[in-house]
Amino acid sequence: MKAIIIDDENLARSIVKEYLQRHPQLELVAECGDGFEGIKAIQQYQPDLIFLDIQMPKINGFEMLELIEQPPAVIFTTAFDEYAIKAFEAHAIDYLLKPFNQERFDKAIAKWLEQKTTSTETATQELLETASQSPSQSNRIVVKNGSKIKIIPVHDIFYLEAADDYVKIHTPEGYFLKNKTMNHFEQVLDGQQFVRSHRSYIVNVQQITRIDPYEKDNHVAILRTGAKVPVSRGGYGKLKSVLGL
Amino acid sequence: MPASPFSARRFLITFSIAWLVLMADHAILLYWFDFPLKAAIIDSIISNIPLLGVCLLVMNTIRYYLPGREQYMNILIMCIVLTILWLLFSKWLLELSLNSFGDYEEFLHRSLIIRFSIGFLVLGIVTMMGINWFTWQEQQKTEERKKDAEKLAREAELFKLRQQLQPHFLFNSLNSINALIGIRPEEARKMVQQLSDFLRGTIKKEETQWVSLMEEMQYLQLYLDIEKVRFGNRLATVIEIEEETQQMKLPALLLQPVVENAIKFGLYDTTGETIIRLETRKQEGELIIKVSNPFDPETSSPKQGTGFGLKSVQRRLYLLFARHDLLVTEAKENIFTTVVKIPQMPGA
């Protein structure tokens, strides 16, 4: 079985490496210093288990996992992150609080081996759903564009549009696709800035220059870029209350 | 204590209605006693409009100078004096305009005491209501301020505790020590020492204390040494202290959050090596400290970068010097710079 360690601190990786020596059935195939290397290594080696730090350069551990289609089993290692710990506990995912000893480490491995037969994938998915609502993560969205990773600051977004199983995120650099639901974004994004103007649209109110009537009961919001975003009757009410009209 | 426009309007409406009733009552009463309707109405208007003026004057006065309990006697005397003045004034006006009506003059003289009683009663009631109303408002505001102040103090205390502990830094350092024990025990021992000295420095110093730049730099060096063990080759520092700034003073523990911000911003935003620069100089008698770090303008806006610990430093500087211009940040190309200015307190 293959394992990968992803942590930005050299010594933090070396302690995991040391503890891993007691588990010869796990072969350490890669050590990564940040999320980008992590994604590459996971695609290359298809590991069975990863040890993942949360606070890392560029993209954090949760954001990295979001970008992987079928994430492997994860044991999180973190020093202090109240929010993350709550998320772990809620979804029965194992985590190691730094500093941890060999005993605690062995326990985590044993738990993983035991659960390996049952599916942990859903738990990880649920965890990511909760984690993406953390304050540190709600001001940016990480997307994959081909092989490139793009970090979109939330205030750059013009509007979001539903597209089958994906959501199109329209930005100054064109649009990006993210495999999430509109409901997810409606929850995660700040309701004072982003309003669900229509079943299939969420609009950044700071981008709106005017709202025009359109056909019978509907309206259309004109953005600074000239783009037109449909506004349903309910959406119009929401927009009015956010804009204080 | 300026009232909101809403309550001011409500006040005016209340007064208008009360006076309409009062004037109507006055006129009807005179008419009942067989005065011509015109005379009754003129009498009512001439008596009551000045009374309204006096009442509004009193209201306006207590709105800005709310009397204390010990001044109630003065208020009573003021009411009597004002009523007499009002009575003299309206008597003069009434005589001027109504003496042509038969035996009006005699009636006016006989009714003076009644006019005085009613005027005094009205003024007294209005004054009492005003005092009650404004006292109640004042109390409400004091209560609110007290609550706000308490909440602020609680939050500040919690935040300070959290800041002092710096859990993220502490636990990561302990984790590094744990790793070093296995591979390089000598270094582990050294790091334990550094971490202890650093924590002692944090606990020992009061935030109100002033220290020399040299002292603060020693403390900062401990912090940097620990961070270097954690991040290894990825973190490099360049420190340039000008000779003449060494003995200049600054509030204790002020620099560490600035440098911590630079390290986090730099290290967490770039995957390669990060060089943190710290320069000091003296300018117009003020101590200038410049801290800079690289960042990637592609992935993070500097706006995000100021969020970390700089707010609290800014707040501290404001509380100490009442100036907002002492901490300035600037993002140019891919370098983020924080400049802190410390005015030198004479004798500090």
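The rules behind the values
- Residues numbered from 1 in each chain as written.
- Chains lettered and ligands numbered in written order.
- Predicted model: local features only at pLDDT ≥ 70, side-chain atom pairs only at ≥ 80, totals over all residues.
- Heavy atoms only, no water.
- Helix = DSSP H or I, 4+ residues; strand = E, 2+ residues; numbered from the N terminus.
- Areas by Shrake-Rupley, 256 points an atom, 1.4 Å probe, with all protein chains shown as cover.
- Core = buried A, V, L, I, M, F, W, Y, C linked by side-chain atoms within 4.5 Å.
- Buried < 20%, exposed > 50% of the residue type's maximum accessible area, 1.4 Å probe, protein only.
- Contact = heavy atoms within 4.5 Å.
- Pairing = 2+ DSSP bridges.
- Axes fitted to C-alpha atoms, helices over the stretch in contact; angles between N-to-C directions.
- Phe/Tyr/Trp six-rings, centres within 6.5 Å; stacked < 30°, edge-to-face > 60°.
- Lys NZ or Arg CZ within 6 Å of the ring centre and 35° of its normal.
- Parallel < 35°, antiparallel > 145°, perpendicular 65-115°, else oblique.
- Left-handed = near helix turned anticlockwise from the far one by under 90°.
- pLDDT = per-residue confidence, 0-100.
- Salt bridge = Lys/Arg side-chain N within 4 Å of Asp/Glu carboxyl O.
- Buried area = accessible area lost by both parts, 1.4 Å probe.
- Nonpolar A, V, L, I, M, F, W, Y, C, P; charged D, E, K, R; others polar.

(A) Structural context of the overall build of chain A. On a plain count of helices and strands, chain A comes out with eight helices and 15 strands. About 11,800 Å² of surface is accessible on chain A, with carbon and sulfur atoms providing 46% of the total.

(B) Structural detail: the nonpolar core. Membership of the largest hydrophobic core comes to 67 residues, with the highest contact counts inside it found for Phe-51 and Phe-105 of chain A together with Ile-289, Leu-317 and Ile-342 of chain B. What Ile-289 of chain B contacts, discounting residues up to four positions off in sequence, is Leu-213, Leu-250, Leu-255, Leu-278, Glu-279, Thr-280, Thr-338, Val-339, Val-340 and Ile-342 of chain B. Counting 32 residues, the second largest nonpolar core, distinct from the first, contains Ile-6, Ile-50, Ile-54 and Leu-67 of chain A.

(C) Examining the sheet that holds strand E15 (residues 228–231) of chain A more closely. All names here are of chain A. The strand order across the open sheet built from three strands is E13-E14-E15, with neighbouring strands paired in antiparallel fashion. Each edge of the open sheet is held by one strand with a lone partner, namely strand E13 (208–214) and E15. Going across the sheet, the axis of each strand differs from the next one's by a mean of 25 degrees, ignoring polarity. Bridge count between E13 and strand E14 (residues 218–223): six bridges; the pairing is antiparallel. Bridging from a neighbouring strand, Pro-213 pairs with His-219 of E14.

(D) Representation of the packing of aromatic side chains within the structure. Enumeration according to the criterion identifies 21 aromatic pairs over all chains in this entry. Look at Tyr-104 of chain B and Phe-107 of chain B: their rings are 6.0 Å apart centre to centre, the planes differ by 50 degrees, and that puts the pair in the tilted class. One end of the pair, Tyr-104 of chain B, and the other, Phe-107 of chain B, are both in helix H4 (residues 104–165), three residues apart, so they sit about a helical turn from each other. Looking at Tyr-104 of chain B, the relative accessible area reads 0%, which means it is buried. Residue class for Phe-107 of chain B comes out partly exposed when judged on its relative accessible area of 23%. Joined through ring pairs, the aromatic side chains of Tyr-19, Phe-51, Phe-100 and Phe-105 of chain A make up one cluster. The cationic tip of Lys-168 of chain A hangs over the ring face of Tyr-175 of chain A; the distance from NZ or CZ to the ring centre is 4.5 Å.

(E) Structural detail: the packing of helix H7 (residues 213–231) of chain B against helix H8 (residues 255–267) of chain B. Residue and element names in this part refer to chain B. The geometry of H7 relative to H8 is characterised by a closest axis approach of 10 Å and an angle of 25 degrees between their N-to-C directions. The angle between H7 and H8 places the two elements in the roughly parallel class. Between H7 and H8 lies a crossing of right-handed hand. Packed against H7, whose contacting residues are Leu-213, Glu-216, Met-217, Tyr-219, Leu-220, Tyr-223, Leu-224, Glu-227 and Phe-231, the element H8 presents Leu-255, Gln-256, Val-259, Glu-260, Ile-263 and Leu-267 at the interface.

(F) Focus on the sheet that holds strand E5 (residues 286–294) of chain B. All names here are of chain B. One open sheet accounts for five strands, arranged E2-E4-E5-E7-E6; its pairing is mixed. With one partner strand each, in any of the chains shown, strand E2 (235–241) and strand E6 (327–332) form the two edges of the open sheet. Strand-to-strand twist of the sheet, defined as the mean angle between neighbouring strand axes without regard to direction, takes the value 15 degrees. Bridging between E6 and strand E7 (residues 335–342) involves six bridges; their strand directions are antiparallel. Looking at E7, one finds that Leu-327 is bridged to Val-340. Of the strands in this sheet, E2, strand E4 (274–283) and E5 touch H7, which is tilted by about 165 degrees from E2. Relative to the sheet, H8 contacts E2, E4, E5 and E7, its axis offset from that of E5 by approximately 20 degrees.

(G) Focus on the pairing of strand E10 (residues 174–178) of chain A. Residues and elements named next belong to chain A. In the sheet, strand E9 (residues 166–171) pairs with E10 via five bridges, with the strands oriented antiparallel. Considered in E10, the bridge of Thr-171 is made with Gly-174. Hairpin remark: E9 followed by E10, antiparallel, with two residues in the connecting loop.

(H) How the structure looks around the confidence of the model for chain B. Residue and element names in this part refer to chain B. The predicted model of chain B averages 84 in pLDDT, with 90% of residues at 70 or higher. Considering only residues more than four positions removed or in separate chains, one finds that residues 1–5, a stretch of pLDDT under 50, has eight contacts. Here the complex is predicted with pTM 0.66, and the ipTM for its interfaces comes to 0.76.

(I) Examining the pattern of salt bridges more closely. Applying the stated rule across the entire model yields 24 salt bridges over all chains. Put simply, Arg-230 of chain B and Glu-227 of chain B hold a salt bridge, and the shortest N to O gap is 2.7 Å. Of this pair, Arg-230 of chain B and Glu-227 of chain B both sit in helix H7, three residues apart, which is roughly one turn of the helix. Where Lys-264 of chain B meets Glu-260 of chain B, a salt bridge forms, and the shortest distance between an N and an O atom there is 3.4 Å. Separated by four residues within a single helix, Lys-264 of chain B and Glu-260 of chain B lie in helix H8, roughly one turn from each other. Classification of Glu-260 of chain B by relative accessible area gives buried; the value is 17%. Through salt bridges with shared partners, one network takes in Asp-7, Asp-53 and Lys-98 of chain A.

(J) Layout of the environment of Gln-115 of chain A. Residues and elements named next belong to chain A. Here Gln-115 is to be found in helix H5 (residues 102–115). For Gln-115, a relative accessible area of 28% puts it in the partly exposed group. Along the sequence, Gln-115 and Ala-73 sit 42 residues apart, while their C-alpha atoms lie 9.8 Å from each other.

(K) Structural context of the interface of chain A and chain B. Each partner contributes residues to the interface: chain A has 24 residues there, and chain B has 28 residues. Interface area for chain A against chain B, summed over the two sides, is near 2,400 Å², with a carbon-plus-sulfur share of 53%. If you sort the residues of chain A by the area they bury against chain B, Glu-9, Leu-11 and Lys-58 of chain A come out on top, with a joint share of 27%. The tally of links from chain A across to chain B stands at one salt bridge. Notably, a salt bridge pairs Arg-230 of chain B with Glu-9 of chain A, separated by 2.6 Å at the nearest N-O pair. The element that contributes the greatest number of residues to the side of chain A that touches chain B is helix H1 (residues 10–20) of chain A, accounting for seven residues. Its residues assigned to classes, the side of chain A that touches chain B shows eleven nonpolar, five polar and eight charged.

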